[in-house]
Amino acid sequence: MFNIKYCPTWNYYPQAVSLAAAINQGLPDTCEIEEGSKGQFDLFHSGNIILSKAAMGRFPTIEDLTYELIESLYK
């Protein structure tokens, strides 16, 4: 299961909805969204953070997620 925590203060909701829709369309796991803390936009899988706006300096995309999933297969 994927989970996106987004900042409601800065209205990151549209980005969260867009990424969740892409995940729900293309992957067998489901993605839920929930309000997080100020400035937060993090993507979790099974409770573990896998992509973060703070670490990347931009909003994560479905392409970033695809890359991370492929990389994790080869670790």
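It should be noted that the structure appears before, not after, this text.
Scope of this entry: the structure provided in the associated data block. (Residues numbered from 1 in each chain as written. Predicted model: local features only at pLDDT ≥ 70, side-chain atom pairs only at ≥ 80, totals over all residues. Heavy atoms only, no water.)

## As for the overall build of the protein chain
For the protein chain, the count of helices and strands is three helices and four strands. Along its sequence from the N terminus, the protein chain presents helices and strands in the succession β-α-β-β-β-α-α. Here the protein chain has a C-alpha radius of gyration of 12 Å; the compact-globule value for 75 residues is 11 Å, and the two agree. Taking the principal axes of its C-alpha atoms as reference, the protein chain extends roughly 35 × 25 × 20 Å. (Helix = DSSP H or I, 4+ residues; strand = E, 2+ residues; numbered from the N terminus. Rg over C-alpha atoms; globule rule 2.2 N^0.38 Å.)

## A closer look at a nonpolar patch on the surface
The grouping of Ile70, Leu73 and Tyr74 at the surface amounts to a nonpolar patch, some 400 Å² of accessible area in total. Relative to the elements of secondary structure, Leu73 occurs in helix α3 (residues 62–73). Here Leu73 falls in the exposed class, since its relative accessible area comes to 67%. (Patch = residues over 30% accessible without salt bridge, like charges linked within 9 Å, V, L, I, M, F, W, Y side chains within 5 Å. Areas by Shrake-Rupley, 256 points an atom, 1.4 Å probe, with all protein chains shown as cover. Salt bridge = Lys/Arg side-chain N within 4 Å of Asp/Glu carboxyl O. Buried < 20%, exposed > 50% of the residue type's maximum accessible area, 1.4 Å probe, protein only.)

## Topic: the packing of aromatic side chains
As enumerated under the stated definition, the model contains four aromatic pairs in all. Ring geometry for Tyr12 and Phe41: centres 6.4 Å apart, planes at 70°, overall edge-to-face. Of this pair, Tyr12 sits in the loop between β1 (2–6) and α1 (13–26) while Phe41 is found in strand β3 (residues 41–45), placing the two residues 29 residues apart along the sequence. Comparing Tyr12 with Phe41, the two get one shared label, buried. Look at Tyr12 and Phe59: their rings are 4.9 Å apart centre to centre, the planes differ by 90°, and that puts the pair in the edge-to-face class. Separated by 47 residues along the polypeptide, Tyr12 in the loop between β1 and α1 and Phe59 in the loop between α2 (53–56) and α3 bring together distant segments of the chain. Its relative accessible area of 25% is what places Phe59 among the partly exposed residues. (Phe/Tyr/Trp six-rings, centres within 6.5 Å; stacked < 30°, edge-to-face > 60°.)

## Observations concerning the pattern of salt bridges
Under the definition given, this model contains one salt bridge. Among the ionic pairs, Asp64 bridges to Arg58, the shortest N-O distance being 2.8 Å.

## Structural notes on the pairing of strand β2 (residues 31–35)
Bridging between β1 and β2 involves five bridges; their strand directions are parallel. Note on β2: the bridge partner recorded for Ile4 is Ile33. A crossover connection joins β1 to the parallel β2 through α1; in handedness this β-α-β unit is right-handed. (Pairing = 2+ DSSP bridges. Right-handed = clockwise from strand over helix to strand, strands pointing away.)

On their own, these measurements won't tell you what the molecule is for.
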